[in-house]
2 protein chains.
Amino acid sequence: MPVYKAPTNDFAFILNEYLGLDRYGDVPGFAEARELAAPLLDESAKYCENVLFPLNQTGDEEGCTYDNGEVRMPQGFKEAYAQYVQGGWASFTCDPQYGGQGLPEFLNMPMTEMICSANLSFGLTPGLSHGAYNAIYLHASDELKQTYLPKMVTGEWSGVMCLTEPQAGTDLGLLTTKATPNDDGSYALEGNKIFISSGEQDITENIIHLVLARLPDAPKGVKGISLFLVPKVMVNADGSLGERNGVNCSGIEHKMGIHASSTCVMNYEGATGWLVGEPHKGLRAMFTMMNAARIYVGVQGLGLMEVAYQNAMQYTNERLQGRALTGPAQPDKAADPITVHPDVRRMLMTQRVNVEAGRALVMETALKLDLAHRHPDEQVREEADHYVQLMTPIVKAHLTDLGFEMASLAQQCFGGYGYIKEYGVEQYVRDARIAMIYEGTNGVQAMDLVGRKLAYKYGKYLKSFMHPVSQFIEENKGNEAMAEFTKPLYVHVGHLQQASLWLAKSGLSNPNDAGAGAVEYLKLFSHVAFAYIWARQAKIAMEKLASGEGDAKFYQNKLDSARFYMTRVLPNVVSLLMNLTGGSKTIMTADLTYE
Amino acid sequence: MPVYKAPTNDFAFILNEYLGLDRYGDVPGFAEARELAAPLLDESAKYCENVLFPLNQTGDEEGCTYDNGEVRMPQGFKEAYAQYVQGGWASFTCDPQYGGQGLPEFLNMPMTEMICSANLSFGLTPGLSHGAYNAIYLHASDELKQTYLPKMVTGEWSGVMCLTEPQAGTDLGLLTTKATPNDDGSYALEGNKIFISSGEQDITENIIHLVLARLPDAPKGVKGISLFLVPKVMVNADGSLGERNGVNCSGIEHKMGIHASSTCVMNYEGATGWLVGEPHKGLRAMFTMMNAARIYVGVQGLGLMEVAYQNAMQYTNERLQGRALTGPAQPDKAADPITVHPDVRRMLMTQRVNVEAGRALVMETALKLDLAHRHPDEQVREEADHYVQLMTPIVKAHLTDLGFEMASLAQQCFGGYGYIKEYGVEQYVRDARIAMIYEGTNGVQAMDLVGRKLAYKYGKYLKSFMHPVSQFIEENKGNEAMAEFTKPLYVHVGHLQQASLWLAKSGLSNPNDAGAGAVEYLKLFSHVAFAYIWARQAKIAMEKLASGEGDAKFYQNKLDSARFYMTRVLPNVVSLLMNLTGGSKTIMTADLTYE
């Protein structure tokens, strides 16, 4: 009953008009990527719409099944995953040295978003596997890479990240899993991990666990954590699969959502593993791939917003109930479609502006990731990296907050039907909720933004956003038609600057002020970032409409959305600033003891 | 694993200090009620904590079971309901003429809140039954009342409200269920209803359906709807139960939450019913009890906020993770409790201020309901009624919005554990979601506030709120210590006035402006109403602290909460006003056709 169609028009708009890729014609791989974009998007859209999406509700209903150490994925998942491997989708951005296609991230993002829209639970296995690939690729020895990467690139083997222990979540310094050296250079791992997504499943031949653990001589805390590669099934010298390793799943969690993703308790009982990177520097190795992983979680929020929005659009266009306030819109019918009601329209527009700005932000961040890795000019690489550092917590936290809020708003559009499983939208709300928590809670993201990113070298990261915005406002100063966008943007960029200064000052004298205002600062920043996106999209749309080229309706929609954002969403910034500068006094003095 | 303790201290504070009940000593029933309050609260707290709460998670897990027309409630529900009947809880506010205790609503509200905290699904059967009691009590013939009310008052029989049909939800004018007169003065009902909570269950001997249907000569639309009493089991002349009536449940819905409440599809197949009230005036009869029903749904949000908050408090006090930003708080432990982190504290305080203000608002509205019915002075009755009319959509919509948001915030406090069923908090989020939808969606509540309540006789309803607030500000003008509360209250009451004027003006010229801003107006109003509550509670707390009487910690908490509300929540009003006055233009012109 739920619907999903890949938003190919908006992807094309972003790739061809918004990102300004033509400025980077000389970056290795970009020209090919732009040529490949259209057919790749078409193919991946078909796979997501026709293979993954039909399994989303049945997967939620059936869930994963645990039986004596084995985990069975819901019906159809194994076959769908086989198609994923066959289609080569796993190898997209991987290094050709290991069988990858070497494509840029910005071309991978549409596919990632579509998978998240079509079947979030399904997507977690390949999604996390990609993170594991990156960690091994960047930090493991050549031997380990030769042994494990080729099959991970094809997707025949998956990879999983094993960080959390019952007593060590956000505070990884508390973890206790032990790694004792064996004589042959390998290690024996002992310990328990929880919340391991896809830690056990029945859709890949092998599962490569990347496990954080302590060596015998490890210092306490986060400086004594090392990273180990621990395969579920040992790999023989000829690359074939050997015996089972001491890696056992002792149960799966019963969760609010993502039922078709196995959240495993993993026990390592003398499991054989190999060190990845340097001893005691495992956390650093893990964190080099954290930006990509956090952006991926942000895309989960984005994907769910999109599919929820599409379903709200379909339902509200079909549901007849009541009459327009200004008189019947369809007098020949028993009632008008509920899209005549301003409040329903407000809910739909709120979803639309957040989905589309979120997509632009993700694609732009992915482009910057590519530029940071591929651009021949060091300065461009550095600036791009600054942007990625700065925007990663925003992508993760704002898009996942929105994923949940917008899915809930879509649910509201359905009235009572929104609460019924059959209609599908309540699943999006449940599935969206986890993304605000895992890969660093959104509160932790806000602390990262305020504590690390904002403060970095006197605002060096911050400039990677502020400079282009100021430049854009300056460039459009004389443009009367753009004033409805540049004026509010100017005003609220000012508020962002005020907030940044306040945090910098108060943060120095009282770190609790910064901590107490971090979440509001992140939201404030996100609003301004979205406003900048909408101002730029409005400019493109105006120019296109003036030229008479292209799909006028598409550009008119962009213009309407930009106007809605400026007048009905962006003003949130004012209250966020006021709450933020309210400081931490009332928060820190209050008695919050549980009795 | 989850915890719940009845918030008896706050109930006592509201009853004894906040509501100022001593001003109404001469209102019939009030003096007895105040005497009964303490023992009644104690007894009901025990029942909710010890009987209902332990069944909440198991009820969610097991859910209701449908089999061939019968619905089985989860294990333990039948026994718990028998205790409810035995305890006389159902008869609290009912008329002594039919066996009730005739107690005021304000004394019933704590029990209602506690049931909603302890086991929302369980509470729906008696809660809705109470609404059905009221409709019959106010509109049915004496004969029907004599036949049905006594057993409904004891709770041996339940009552259910049957409004919605697949094509007729918010727009009841579209309903098609038919009632044809029989020769004996009864009617034969034919039609299908959906979303009938407790429409079928196995915990009461009989279920009295109040069904909206059309007589053969009914005009089209809402003016042709009549109300019928249709028992599941026919009642013999001697009051004993007779044959089954043609009332059949053909299925139950699979929902996001409230799994232990049966949401039924009901078929009336020549079912015998009796007219309640006048022909074609069924909607009006239904609406006379709508205020109470909507307040009840608001209390559902409140109850879930409370229990979610308690669990977040317990978890965050026990969970050790990381260190305080200003240095270790418990250096002898591996880590500090996460309540040292300002963002965790911000989340807890946000919950606290909303729970406690919500409770005060509910209790005050209940008191006004009582005054509107019982006070000897007609002017007091009228003013109290105005307050109830005005605040009902606010209680319903704001408290249920908050119920969901605050439960989600509590869930966030749990990190990854919040997503796991075992910890209980994710159930509160799922259960809370429905209350934003049923009994009129929150968008419909906002339209009611703006379209009916605000506009009523040039703001006559509005004055019932504005006058006391202005008076309070005036009274405390010279009170320097109160300035930190009265100043922001004054400023934001001004914003509320601006918003009201803007809506009144724009609404006349363009009703879509009012429609587009209704939800923001309701939120804005709610923030100011909460600020007024916090200012008054702060005043009481200050006086108590100065006097040295009572529990100093309790009053200090109130003061801290009031300060937090003023500095970190109330400023939301500014952005709400800006978004609201953004108008409907961008909303109404946008193309929202689904293709």
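All values reported here derive from a predicted model rather than from experimental measurement. (Residues numbered from 1 in each chain as written. Chains lettered and ligands numbered in written order. Predicted model: local features only at pLDDT ≥ 70, side-chain atom pairs only at ≥ 80, totals over all residues. Heavy atoms only, no water.)

Caption draft 1: View of the packing of helix α14 (residues 483–509) of chain B against helix α15 (residues 511–547) of chain B. All names here are of chain B. For the pair α14 and α15, the least separation of the axes is 9 Å and the interaxial angle reads 160 degrees. In terms of their interaxial angle, α14 and α15 are classed as roughly antiparallel. Of the two elements, α14 crosses α15, and the hand of that crossing is left-handed. Along the lines of polarity and charge, the residues of the contact of α14 with α15 split into 18 nonpolar, six polar and two charged. (Axes fitted to C-alpha atoms, helices over the stretch in contact; angles between N-to-C directions. Helix = DSSP H or I, 4+ residues; strand = E, 2+ residues; numbered from the N terminus. Parallel < 35°, antiparallel > 145°, perpendicular 65-115°, else oblique. Left-handed = near helix turned anticlockwise from the far one by under 90°. Nonpolar A, V, L, I, M, F, W, Y, C, P; charged D, E, K, R; others polar.)

Caption draft 2: Seen up close, the interface of chain A and chain B. Facing the 97 residues of chain A at the interface are 97 residues of chain B. Carbon and sulfur atoms supply 57% of the area that chain A and chain B bury against each other, a total of about 8200 Å² over both sides. At the junction of chain A with chain B, the criterion picks out six salt bridges. Residue lysine 553 of chain B pairs with glutamate 595 of chain A through a salt bridge whose shortest N-O separation is 2.3 Å. Class assignment for the residues of the side of chain A that touches chain B results in 42 nonpolar, 34 polar and 21 charged. (Contact = heavy atoms within 4.5 Å. Buried area = accessible area lost by both parts, 1.4 Å probe. Salt bridge = Lys/Arg side-chain N within 4 Å of Asp/Glu carboxyl O.)

Caption draft 3: Main features of helix α13 (residues 460–475) of chain B. All names here are of chain B. Under the 1.5 Å per step criterion, the end-to-end length of α13 is 23 Å for 16 residues, consistent within 8% with the ideal 22 Å. Along α13, the largest kink reaches about 25 degrees and is centred on methionine 466; proline proline 468 follows within four residues of it. For α13, the complete set of buried residues consists of Tyr461, Leu462, Ser464, Phe465, Met466, Val469, Phe472 and Ile473. Packing partners of the buried residues in α13 comprise α10 (378–413), α12 (442–453), α14 and α15. (Expected span 1.5 Å × (residues − 1). Bend = angle between axes of the 7 residues up to and from the residue. Buried < 20%, exposed > 50% of the residue type's maximum accessible area, 1.4 Å probe, protein only.)

Caption draft 4: Structural detail: the packing of aromatic side chains. All names here are of chain A. The final tally for this structure, using the stated rule, is 57 aromatic pairs over all chains. Here the aromatic rings of tyrosine 81 and phenylalanine 122 are separated by 6.2 Å at their centres, their planes lie at 50 degrees, and the arrangement is tilted. In this pair, tyrosine 81 sits in helix α4 (residues 77–86) while phenylalanine 122 sits in helix α5 (residues 105–139), placing the two residues 41 residues apart along the sequence. Residue tyrosine 81 shares its accessibility class with phenylalanine 122, and that shared class is buried. Judged by centre distance (5.9 Å) and plane angle (85 degrees), the rings of tyrosine 521 and phenylalanine 525 are edge-to-face. With tyrosine 521 and phenylalanine 525 both in helix α15 (residues 511–547) and four residues apart, the pair spans about one turn of that helix. Of the residues examined, tyrosine 521 reaches a relative accessible area of 0% and is grouped as buried. Exposure remark for phenylalanine 525: the relative accessible area of 0% places this residue in the buried category. Through pairs of rings, three or more aromatic residues link up here, namely Tyr47, Phe77, Tyr81, Tyr84, Trp89, Phe92 and Phe122. Lysine 145 extends its terminal NZ or CZ atom over the ring of tyrosine 137, reaching a point 5.3 Å from the ring centre. (Phe/Tyr/Trp six-rings, centres within 6.5 Å; stacked < 30°, edge-to-face > 60°. Lys NZ or Arg CZ within 6 Å of the ring centre and 35° of its normal.)

Caption draft 5: Region of interest: the side chain of serine 186 of chain A. Residues and elements named next belong to chain A. With respect to the secondary-structure elements, serine 186 resides in the loop between β4 (178–181) and β5 (187–197). In this structure the side chain of serine 186 is engaged in a polar contact, spanning 2.6 Å, whose partner is the side chain of aspartate 184. Every residue in contact with serine 186, bar those within four places of it in the chain, is listed here: Thr180, Pro181, Thr272, Gly273 and Trp274. (Polar contact = N/O pair within 3.5 Å; in protein donor to acceptor, adjacent residues only side chain to side chain.)

Caption draft 6: Looking closely at the relation of the copies chain A and chain B. Taken as rigid bodies, chain A and chain B are interconverted by a rotation of 180 degrees and an axial shift of 0.0 Å, the fit giving an RMSD of 0.0 Å. Here the copies are linked by what is in effect a two-fold axis. In terms of proximity to the rotation axis, the leading residue of chain A is serine 575 of chain A, whose C-alpha is 2.7 Å off the axis. Counting the interface residues of chain A, we find that 100% of their copies in chain B are interface residues as well, pointing to one common contact surface. (Least-squares fit on C-alpha atoms with pLDDT ≥ 70 in both.)

Caption draft 7: A look at the side chain of threonine 350 of chain B. All names here are of chain B. Its location among the elements puts threonine 350 in helix α9 (residues 342–374). Of the polar contacts made by the side chain of threonine 350, one reaches the backbone oxygen of arginine 346; its length is 2.6 Å. Those residues within four positions of threonine 350 in sequence are excluded, and the remaining contacts are Met406, Leu409 and Phe564.

Caption draft 8: Spotlight on empty space enclosed by the protein. Applying the stated rule across the entire model yields four cavities of 30 Å³ or more. By volume, the largest cavity is sized at about 440 Å³. Along the wall of the largest cavity there are 31 residues; nearest its centre are Asn108, Pro126, Gly127, His130 and Tyr296 of chain B. For the lining of the largest cavity, the secondary structure elements donating two or more residues are α4 (77–86), α5 (105–139) and α8 (290–318) of chain B. Counting residues per element, the lining of the largest cavity draws most heavily on α5 of chain B, at 15 residues. Here the lining of the largest cavity is composed, by residue class, of 19 nonpolar, ten polar and two charged. There is about 40 Å³ of room inside the second largest cavity. In terms of lining residues, the second largest cavity is bounded by Leu40, Leu41, Ser44, Phe92, Leu107 and Met111 of chain A. (1 Å grid on protein atoms, 1.4 Å probe; cavity = no way out; pocket = protein on both sides within 12 Å on 5 of 7 lines; lining within 4 Å. Points joined across faces, edges and corners; volume = space filled by probe spheres on them.)

Caption draft 9: Spatial organisation of the packing of α14 of chain B against helix α16 (residues 552–568) of chain B. Residue and element names in this part refer to chain B. Put simply, α14 and α16 touch, their axes get as near as 10 Å, and they point 30 degrees apart. Note on packing geometry: the crossing formed by α14 with α16 is left-handed. Seen from α14, the contacting residues are Glu484, Phe485 and Pro488; seen from α16, they are Leu559, Ala562, Arg563 and Met566. The class makeup of the residues in the contact of α14 with α16 is five nonpolar, no polar and two charged.

Caption draft 10: View of unusual backbone geometry. All names here are of chain A. We note that serine 198 has phi near 60 degrees; this positive angle belongs to a residue other than glycine. Topologically, serine 198 is positioned in the loop between β5 and β6 (206–213). Within the chain, isoleucine 258 stands out as a residue other than glycine whose phi angle is a positive 30 degrees. Within the secondary structure, isoleucine 258 sits in the loop between β10 (247–252) and β11 (263–276).

Caption draft 11: Inspection of the pairing of strand β7 (residues 226–231) of chain B at higher detail. Residue and element names in this part refer to chain B. With six of its six residues buried, β7 lies for the most part within the structure. Here β7 shows two buried faces, one formed by Ser226, Phe228 and Val230 and the other by Leu227, Leu229 and Pro231. One ladder, built from six bridges, connects strand β6 (residues 206–213) with β7; its direction is antiparallel. When the bridges of β7 are listed, leucine 212 appears paired with leucine 227. Pairing between β7 and strand β11 (residues 263–276): three bridges, direction antiparallel. Residue pairing for β11: leucine 227 is matched across the bridge by valine 276. (Pairing = 2+ DSSP bridges.)

Caption draft 12: Molecular detail of the pattern of salt bridges. All names here are of chain A. On inspection of all chains with the given rule, the structure shows 52 salt bridges over all chains. Residues glutamate 364 and arginine 536 are paired through a salt bridge, measuring 3.0 Å at the closest nitrogen-oxygen approach. You can see glutamate 364 sitting in helix α9 (residues 342–374) and its partner arginine 536 sitting in helix α15, a full 172 residues away along the chain. You can call arginine 536 buried: its relative accessible area is 15%.

Caption draft 13: Region of the structure containing a negative patch on the surface. Together, Asp377, Glu378, Glu382 and Glu383 of chain A make up a negatively charged patch on the protein surface. Along the chain, glutamate 383 of chain A turns up in helix α10 (residues 378–413). (Patch = residues over 30% accessible without salt bridge, like charges linked within 9 Å, V, L, I, M, F, W, Y side chains within 5 Å. Areas by Shrake-Rupley, 256 points an atom, 1.4 Å probe, with all protein chains shown as cover. Lys, Arg positive; Asp, Glu negative; His and termini not counted. Charge placed at Lys NZ, Arg CZ, Asp CG, Glu CD.)

Caption draft 14: View of the confidence of the model for chain A. Taken residue by residue, chain A gives an average pLDDT of 96. The fraction at 70 or more is 100%. For this predicted complex, the interface score ipTM comes out at 0.98, alongside a pTM of 0.98. (pLDDT = per-residue confidence, 0-100.)

Caption draft 15: Up close: the nonpolar core. Ranked by size, the top nonpolar core spans 370 residues in total, and within it Phe465 and Tyr521 of chain A together with Phe465 and Tyr521 of chain B carry the most contacts. Apart from the residues within four sequence positions on either side, tyrosine 521 of chain B is in contact with Leu449, Val450, Leu454, Leu462, Leu496, Ala499, Ser500, Leu503 and Leu580 of chain B. With 34 residues, the next largest nonpolar core counts Ala135, Leu172 and Leu210 of chain A together with Ala335 of chain B among its residues. (Core = buried A, V, L, I, M, F, W, Y, C linked by side-chain atoms within 4.5 Å.)

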